[in-house]
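Listed below, chain by chain, are the residues.
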Amino acid sequence: DGMTLPPPPPVLDPETPSADHDAAVAAHEAAAQGRPTPAGPPVDLSSTAPKEAGALSAIIGASFTLSVILFWLVLQLFLFGAFSHERAQDAKYQQIRGELAGATSPTGGVIEPGHPVALLSIPAINLQEVVSEGTASGDLLGGPGHRRDSPLPGQAGVSLVYGRSMTYGAPFDDITDLKKGDEIIATTSVGEATFVVDGVRRPGDPLPPPVEVGQARLVLATGEGHGPLAWASPDQAVYVDATMKGKAFAAPAGRLPAVPDAEKAMARDNSAWPLMALCLTALLLLVCVTTWAWNRFSRSMVWILAAPVGIALAWASTDTLMRLLPNLM
């Protein structure tokens, strides 16, 4: 009769899921009435895109935070550490100057680590430093340290003074440039002593002769490296031997017979590991909290709040890390 018959209804498998069955029936009815076949259910991309974007943003935020912390650690070792060293030296100088003037500076025996005990001057390399008691890594952050089982500079016997070669001001980085005959002046509570450099000594070199009775020797020690990264990785101790002019001052009894391993040349202070773990845990927690807040609050507000905490934790972590590294580096 010239009429267009609708297509026969689809034959469906009885096991076809109900959602597919409804879609097939809807398509058949649309074809019978001449309407466009309805499209399938739209794909909801909104549920995946924000998740992927949030994960990427979190990774970027965490990476940036860690990069800032590592950058700060390097800056503190080689730049801010020098400022810390200068500040500590200023405070120690004021303290020892007052004690020398008032005759209250310690003369020997057991002295509290960190207490200033001598003024050291080496005109040939333009060095002026306050020497404090103790030679562990933490003791040398503020300047050179006097080894506690040796007499003070100028007293009879061999006095040992350690100093860093590359970090936290690197006060002893130039002592290997000293030549035979250069003078070293040490001022302590017992008086001023002038030493004449005998030479620079490295591992394998012959030891100097024993000190004569009533004489004094000063030995400066620092770290030294080898190879293209020698400046950043000292791996051995180097010494400068100097003999005092004239007769030495008397050394009072009572000094330590020996020092712990952490206070010897190129030693590490392993007792700092628990504190290092605590600092790293705090830094990790800061990174996690900052990353979480990055996508939920104002980013400027997050950095204003997180930056001071991060700087304080990074500073404490670096100081603690230095205790785990060789004390002469």
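Structure: above.
Note that this is a predicted model, so its numbers are computed, not measured. (Residues numbered from 1 in each chain as written. Predicted model: local features only at pLDDT ≥ 70, side-chain atom pairs only at ≥ 80, totals over all residues. Heavy atoms only, no water.)

Examining the packing of aromatic side chains
In this description, an aromatic ring pair is defined by two values, namely the gap between the centres and the angle between the planes.
Part 1 of the argument: The final tally for this structure, using the stated rule, is two aromatic pairs.
Part 2 of the argument: When the centroid spacing of 6.3 Å and the interplanar angle of 40° are considered together, the rings of Phe80 and Phe83 count as tilted. With a gap of three residues between them, Phe80 and Phe83 both fall in helix α2 (residues 49-101), about one helical turn apart.
Part 3 of the argument: Here Trp292 and Phe297 contribute two aromatic rings whose centre-to-centre distance is 5.7 Å and whose plane-to-plane angle is 65°, an arrangement assigned as edge-to-face. (Phe/Tyr/Trp six-rings, centres within 6.5 Å; stacked < 30°, edge-to-face > 60°. Helix = DSSP H or I, 4+ residues; strand = E, 2+ residues; numbered from the N terminus.)

Details of empty space enclosed by the protein
Part 1 of the argument: Counted under the stated rule, the structure contains one cavity of 30 Å³ or more.
Part 2 of the argument: Taken as a whole, the largest cavity encloses approximately 70 Å³ of empty space.
Part 3 of the argument: Around the largest cavity, the lining comprises 13 residues; the ones closest to its centre are Gly108, Gly109, Ser150, Pro151 and Arg255. (1 Å grid on protein atoms, 1.4 Å probe; cavity = no way out; pocket = protein on both sides within 12 Å on 5 of 7 lines; lining within 4 Å. Points joined across faces, edges and corners; volume = space filled by probe spheres on them.)

Remarks on the layout of surface pockets
Part 1 of the argument: Its boundaries defined by the atoms lining it, the largest pocket holds a volume of some 240 Å³.
Part 2 of the argument: As for the largest pocket, its lining consists of Glu86, Gln89, Asp90, Tyr93, Leu119, Leu120, Ser121, Gln128, Glu129, Val130, Ile185 and Thr187.
Part 3 of the argument: Mapped onto the lining of the largest pocket, the elements with two or more residues apiece are α2, β1 (116-122), β2 (127-133) and β5 (183-188).
Part 4 of the argument: At four residues, α2 tops the list of elements feeding residues into the lining of the largest pocket.
Part 5 of the argument: Here the residues of the lining of the largest pocket sort into five nonpolar, four polar and three charged. (Nonpolar A, V, L, I, M, F, W, Y, C, P; charged D, E, K, R; others polar.)

Overview of the nonpolar core
Part 1 of the argument: Within the largest apolar cluster, 25 residues are counted, with the highest numbers of intra-cluster contacts made by Leu120, Leu178, Ile184, Phe195 and Leu220.
Part 2 of the argument: Of all the secondary structure elements, the ones that give two or more residues to this core are β1, β2, β5, β6 (191-201), β7 (216-224) and β8 (236-244).
Part 3 of the argument: By residue number, the principal contributor to this core is β1, which donates four residues.
Part 4 of the argument: Excluding its chain neighbours within four sequence positions, the residues that come into contact with Leu220 are Leu120, Ile122, Val161, Phe172, Ile175, Ile184, Val238, Tyr239 and Val240. (Core = buried A, V, L, I, M, F, W, Y, C linked by side-chain atoms within 4.5 Å. Buried < 20%, exposed > 50% of the residue type's maximum accessible area, 1.4 Å probe, protein only. Contact = heavy atoms within 4.5 Å.)

Section: the sheet that holds strand β4 (residues 157-162)
Whether parallel or antiparallel, the strands of a sheet pair through hydrogen bonds between backbone atoms.
Part 1 of the argument: Within the closed barrel, the eight strands sit side by side as β1-β2-β3-β4-β7-β8-β6-β5. Their pairing is mixed.
Part 2 of the argument: Pairing analysis gives two bridges linking strand β3 (residues 145-146) to β4, with the strands arranged antiparallel. Opposite Gly145, over in β4, you have Tyr162 as the bridge partner. (Pairing = 2+ DSSP bridges.)

What to know about the environment of Arg255
Part 1 of the argument: You can see Arg255 is positioned in the loop between β8 and α3 (273-294).
Part 2 of the argument: If we ignore the near neighbours within four places in the chain, the residues touching Arg255 are Gly109, Arg148, Asp149, Ser150 and Pro151.

Details of the packing of α3 against helix α4 (residues 299-323)
Part 1 of the argument: Packing of α3 against α4 leaves a shortest axis separation of 9 Å and a crossing angle of 165°. By the angle between their axes, α3 is roughly antiparallel relative to α4. Handedness of the crossing formed by α3 with α4: left-handed.
Part 2 of the argument: Class assignment of the residues belonging to the contact of α3 with α4 gives a composition of 16 nonpolar, four polar and two charged. (Axes fitted to C-alpha atoms, helices over the stretch in contact; angles between N-to-C directions. Parallel < 35°, antiparallel > 145°, perpendicular 65-115°, else oblique. Left-handed = near helix turned anticlockwise from the far one by under 90°.)

Let's talk about the pairing of β5
Part 1 of the argument: Side chains of β5 alternate between two faces, with Ile184, Ala186 and Thr188 buried and Glu183, Ile185 and Thr187 left unburied.
Part 2 of the argument: Across three bridges, the pairing between β1 and β5 is antiparallel. Paired with Leu120 across the bridge in β5 is Ala186.
Part 3 of the argument: When β5 meets β6, the two strands line up antiparallel, connected through six bridges. Looking at β6, one finds that Ile185 is bridged to Thr194.
Part 4 of the argument: Hairpin connection between β5 and β6: a loop of two residues separates the two successive antiparallel strands.

Focus on the pairing of β2
Part 1 of the argument: Most of β2 is tucked away, with six of its seven residues classed as buried.
Part 2 of the argument: Counting the residues that bridge the hairpin from β1 to β2 gives four residues, and of these Asn126 lies at a positive phi of roughly 55°.
Part 3 of the argument: Sheet topology note: the β2/β3 ladder contains two bridges and is parallel. Bridge pairing links Ser132 to Gly145 in β3.

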